[in-house]
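Okay, here's what each chain looks like letter by letter:
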Amino acid sequence: PVTIPPIRTLVAELRPNGGKSLRDLVEKINENTTYNREYVRASLDNDFQMIYETDSTGEYVWVNNTYGRYTGKQEHDLMGYGWLNTVCSEDRQRVRTEWESCIEEHRDFNLDYSVIAMDGNKINVTSQARPIKITGAIKGYYGTIKITS
């Protein structure tokens, strides 16, 4: 005799993932990823250090609120290479050259320089950034700027 499985078993086999489509699952993954990213960024906004994230070409794509509080700049002013406008003029070319070299050579960035504070005074800082690698490919950099004076 042929045994026919119960109808619930047949329906479960015909509707994998509990009846959710692949699109539903991808949307849920994207939603969770976005939530996690925004949760981390909200936490970092209250950090005492200036924090930034770049894309794979080294252009800023995000900064925490602390960056703006120290420099007086809006987030959109710092995006791309706009952040270089906060570096003191006597350090700017040296910082840009070292930053571009690190991006080109896929290595860490670690440099002391001065930035111009909101009140116009110089602030001595140390900036460090590391590549964000996913499956061996650099997707961007994550960096901090610590005030040293």
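Just above sits the structure.
Residues numbered from 1 in each chain as written. Predicted model: local features only at pLDDT ≥ 70, side-chain atom pairs only at ≥ 80, totals over all residues. Heavy atoms only, no water.

**Q** I'm lost on the side chain of Thr-54 in this one. Help?
**A** Tracing the backbone shows Thr-54 in strand β1 (residues 50–54). Taking relative accessible area as the criterion, Thr-54 reaches 2% and is therefore assigned buried. Non-local contacts of Thr-54, meaning those with residues more than four positions away in its chain, are made with Glu-59, Tyr-60, Val-61, Trp-99, Lys-139, Gly-140 and Tyr-141. (Helix = DSSP H or I, 4+ residues; strand = E, 2+ residues; numbered from the N terminus. Buried < 20%, exposed > 50% of the residue type's maximum accessible area, 1.4 Å probe, protein only. Contact = heavy atoms within 4.5 Å.)

**Q** Sorry if this is basic, but what is going on with the pairing of strand β5 (residues 137–147) here?
**A** Each regular strand shows side chains that alternate between the opposite faces of the sheet. Inspection of the sheet shows β1 paired to β5 by 4 bridges, in the antiparallel sense. Paired with Met-50 across the bridge in β5 is Ile-145. Looking at chain direction, strand β4 (residues 122–134) and β5 are connected through 10 bridges and run antiparallel. Each residue of the ladder has a partner; that of Val-125, found in β5, is Ile-147. (Pairing = 2+ DSSP bridges.)

**Q** Please explain the pattern of salt bridges as it appears in this structure.
**A** It is possible for side chains bearing opposite charge to pair when their charged atoms get close. Taken as a whole, this structure holds 6 salt bridges when the rule is applied. Put simply, Arg-107 and Glu-105 hold a salt bridge, and the shortest N to O gap is 2.6 Å. Residue classification places Arg-107 among the partly exposed residues on the basis of a relative accessible area of 28%. For Glu-105, a relative accessible area of 47% puts it in the partly exposed group. We note a salt bridge from Asp-108 to Arg-130, for which the minimum N-O separation is 3.5 Å. Within this pair, whereas Asp-108 is found in the loop between α5 (89–105) and β3 (109–116), its partner Arg-130 is found in strand β4, the two being separated by 22 residues in sequence. Counted as one network, the salt bridges with shared partners bring together Glu-98, Glu-105 and Arg-107. (Salt bridge = Lys/Arg side-chain N within 4 Å of Asp/Glu carboxyl O.)

**Q** Would you mind showing me how to read the nonpolar core here?
**A** Among the nonpolar cores identified, the biggest contains 24 residues, and Tyr-52, Tyr-67, Trp-83 and Tyr-113 are the most heavily contacted of them. Among the secondary structure elements, those contributing two or more residues to this core are β1, β2 (60–63), α5, β3, β4 and β5. (Core = buried A, V, L, I, M, F, W, Y, C linked by side-chain atoms within 4.5 Å.)

**Q** Please explain the packing of aromatic side chains as it appears in this structure.
**A** Geometry of an aromatic ring pair is reported as the spacing of the ring centres plus the angle between the planes. This structure, assessed with the given rule, holds 8 aromatic pairs. Judged by centre distance (6.0 Å) and plane angle (80°), the ring pair of Tyr-60 and Tyr-67 falls under edge-to-face. When sorted by exposure, Tyr-60 lands in the same class as Tyr-67, which is buried. Measuring from ring centre to ring centre gives 5.0 Å for Tyr-60 and Trp-83, while their planes differ by 5°; the resulting arrangement is stacked. (Phe/Tyr/Trp six-rings, centres within 6.5 Å; stacked < 30°, edge-to-face > 60°.)

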